[in-house]
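Observations on the three-dimensional arrangement
Okay, here's what each chain looks like letter by letter:
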Amino acid sequence: MKRTLPRRTAALVAAAPLVLMLGACGHANAHRSITSTLVSGATGYFPVNIIANKEDTLFLNVGNGTEKVHGFTIEGYQVAKTVDPNQTLKVKLHLGRAGTFKIFCQLHPAHQTATLIVR
Ligand SMILES: [Cu+2]
């Protein structure tokens, strides 16, 4: 039993550079949050920019800190959801396209927009 421990440790040490290499390739998990809230006295999103890398898997928590239902659409990524007041929606997205994509509320034209930036 005592002999298996050093072997396991050696395997972990051997795997560590592999994990680091995968991270360097840009195939990473990006965890971000965005919330509908009051921005300068009007309804908008905070933060106004979500930034991640191409080929990342984006795990996005979409919150709503207001008292109304709000929409959440990402142009170019076929995401169109609604979020109830004081709820958080989880959106998982593979970022296969680089560029700048408008985030907007499909329910309220006056709702200030945000931007998804995929580098
Ligand atoms: Cu809205």
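This one's a predicted model, so the numbers in the text were calculated from it and none came from an experiment. (Residues numbered from 1 in each chain as written. Predicted model: local features only at pLDDT ≥ 70, side-chain atom pairs only at ≥ 80, totals over all residues.)

1. A closer look at the pairing of strand E1 (residues 29-39)
In this sheet, strand E4 (residues 57-64) lies alongside E1 in parallel orientation, the contact comprising 8 bridges. Bridging across to E4, Asn 29 finds its partner in Thr 57. The pairing of E1 with strand E2 (residues 42-46) spans 5 bridges and is antiparallel. Following the sheet pairing, Val 39 is matched in E2 by Ala 42. Counting the residues that bridge the hairpin from E1 to E2 gives 2 residues, and of these Ser 40 lies at a positive phi of roughly 50 degrees. (Pairing = 2+ DSSP bridges. Helix = DSSP H or I, 4+ residues; strand = E, 2+ residues; numbered from the N terminus.)

2. Topic: the nonpolar core
One finds Ile 34, Ile 50, Ala 52, Val 62, Ile 103, Ala 114 and Leu 116 to be the most contacted residues of the largest nonpolar core, which totals 16 residues. Taken together, the elements giving at least two residues each to this core come down to strand E3 (49-52), E4, strand E5 (70-74) and strand E9 (114-118). Residues within four places of Val 62 in sequence aside, it is in contact with Ile 34, Phe 72, Lys 81, Val 83, Thr 88, Leu 89 and Val 91. (Core = buried A, V, L, I, M, F, W, Y, C linked by C-beta atoms within 7 Å. Buried ≥ 20, exposed ≤ 12 C-beta atoms within 10 Å, placed from the backbone. Contact = placed C-beta atoms within 7 Å.)

3. Digging into the sheet that holds strand E6 (residues 79-83)
Read from one edge of the open sheet, 5 strands run E3-E9-E8-E5-E6, paired in mixed fashion. With one partner strand each, in any of the chains shown, E3 and E6 form the two edges of the open sheet. Going across the sheet, the axis of each strand differs from the next one's by a mean of 20 degrees, ignoring polarity. With 2 bridges joining them, E5 and strand E8 (residues 99-104) adopt antiparallel strand pairing. Bridge pairing in E8 places Ile 74 opposite Ile 103. (Axes fitted to C-alpha atoms, helices over the stretch in contact; angles between N-to-C directions.)

4. Things to note about the environment of Thr 73
Tracing the sequence through the fold places Thr 73 in strand E5. Owing to 18 C-beta atoms within 10 Å, Thr 73 belongs among the partly exposed residues under this scheme. For the pair formed by Thr 73 and Cys 105, sequence separation is 32 residues and the distance between their alpha carbons is 6.1 Å. In this view, Thr 73 contacts Val 79, Ala 80, Ile 103, Phe 104 and Gln 106; residues no more than four positions away in its chain are not counted.

5. Description of the sheet that holds E4
Judged by pairing direction, the sheet is mixed, and its 4 strands sit side by side in the order E2-E1-E4-E7 without closing on themselves. Among the strands making up the open sheet, the edge pair consists of E2 and strand E7 (88-94). Strand after strand, the sheet turns through a mean of 20 degrees between neighbouring axes, direction not considered. Here E4 pairs with E7 via 7 bridges, running antiparallel. Of the residues in E7, the one forming a bridge with Thr 57 is His 94.

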